[in-house]
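Residues per chain, in single letters:
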Amino acid sequence: NAGVTQTPKFQVLKTGQSMTLQCAQDMNHNSMYWYRQDPGMGLRLIYYSASEGTTDKGEVPNGYNVSRLNKREFSLRLESAAPSQTSVYFCAISNLKAGGAEQFFGPGTRLTVL
Amino acid sequence: SQQGEEDPQALSIQEGENATMNCSYKTSINNLQWYRQNSGRGLVHLILIRSNEREKHSGRLRVTLDTSKKSSSLLITASRAADTASYFCATGTQYNNDMRFGAGTRLTVKP
């Protein structure tokens, strides 16, 4: 039972290249999230998917697209990477319900854009 | 923009001492959560406290919430070297679709 897995763990891109970050869960939770973490900034929400078939923008969506492929998988795509997207990316899941719910995080993907 | 702001930014204590971290926020919330992050790892959930609650305990952790002051505190009692990590507060709306994290408090517990 791995919980939340992310691939790849590390990636180096050149400016303008594209890539897709993958996230998969085996906890059967309905909601999935993508965050980025920059030094000294805490986590900022990029996109989330409240349930299969829906996606919504978070705080910092520009330059990213997402796909909720099925209940298990939520991918984040950078179409044309920029140095400002150098960050650590975390996927998280939760069982969305009124009153709030804890989020479970993956181990992260460390992305460097040159 | 970040919602929660932790204070202090960094805290260094001796093993066995208590550690207190504070979180302030600006807008109304439905719930507030505390997370721990060990270096290079993902976040781990510690406690969720709802806006109609004032205090919650979990093992050596005690969280308080004062909605009138828009602030929360996390107390770790009898700290251990293994508690060394960054601690984040996150504020949530009713369905937590848009949780906002603070920049964190870096706690170092010296053996």
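Our structure is the block above this text.
Being a predicted model, the structure only gives us computed values, none of them experimental.

A. Examining the overall build of chain A more closely. Tallying secondary structure elements over chain A gives zero helices and 11 strands in all. Reading the secondary structure of chain A in the N-to-C direction produces β-β-β-β-β-β-β-β-β-β-β. Taken over C-alpha atoms, the radius of gyration comes to 13 Å for chain A, in line with the 13 Å a tight globule of 114 residues would show. Dimensions of chain A, computed from the C-alpha atoms along their principal axes, are close to 40 × 25 × 25 Å. Going through the 114 residues of chain A one by one, you find that 49% of them count as buried. Taking the intrachain contacts of chain A between residues at least 6 apart in sequence as the baseline, contacts between residues at least 24 apart amount to 56%. In the structure as shown, chain A presents an accessible area of about 5,100 Å², 49% of it carried by carbon and sulfur atoms.

B. Representation of the pattern of salt bridges within the structure. Residues and elements named next belong to chain B. Taken as a whole and judged by the stated rule, the model has seven salt bridges over all chains. Where E5 meets K26, a salt bridge forms, and the shortest distance between an N and an O atom there is 3.2 Å. With E5 in strand β1 (residues 5–7) and K26 in the loop between β3 (19–24) and β4 (31–37), this residue pair connects regions lying 21 residues apart in the sequence. Linking R62 and E55 is a salt bridge whose minimum nitrogen-to-oxygen distance equals 3.2 Å. A relative accessible area of 31% means that R62 is categorised as partly exposed. Classification of E55 by relative accessible area gives partly exposed; the value is 38%.

C. Just the sheet that holds strand β8 (residues 74–78) of chain A, in detail. Residues and elements named next belong to chain A. With antiparallel pairing, the four strands of this open sheet are ordered in space as β1-β3-β8-β7. Only two strands of the sheet have a single partner each, and these edge strands are β1 (4–7) and β7 (65–68). Pairwise comparison of adjacent strand axes, ignoring direction, gives a mean angle of 15° for this sheet. Relative to strand β3 (residues 19–25), β1 runs antiparallel, the two being bridged by four bridges. From the neighbouring strand, T5 faces β3, where its bridge partner is A24.

D. Main features of the environment of A:A2. Residues and elements named next belong to chain A. Inspection of the secondary structure assignment puts A2 in the segment before β1. Judged by relative accessible area, A2 falls into the exposed class, the value being 54%. Residues A2 and M27 lie 25 residues apart in sequence; the distance between their C-alpha atoms is 8.6 Å.

What counts, and where the lines are drawn
- Residues numbered from 1 in each chain as written.
- Chains lettered and ligands numbered in written order.
- Predicted model: local features only at pLDDT ≥ 70, side-chain atom pairs only at ≥ 80, totals over all residues.
- Heavy atoms only, no water.
- Helix = DSSP H or I, 4+ residues; strand = E, 2+ residues; numbered from the N terminus.
- Rg over C-alpha atoms; globule rule 2.2 N^0.38 Å.
- Buried < 20%, exposed > 50% of the residue type's maximum accessible area, 1.4 Å probe, protein only.
- Contact = heavy atoms within 4.5 Å.
- Areas by Shrake-Rupley, 256 points an atom, 1.4 Å probe, with all protein chains shown as cover.
- Salt bridge = Lys/Arg side-chain N within 4 Å of Asp/Glu carboxyl O.
- Pairing = 2+ DSSP bridges.
- Axes fitted to C-alpha atoms, helices over the stretch in contact; angles between N-to-C directions.

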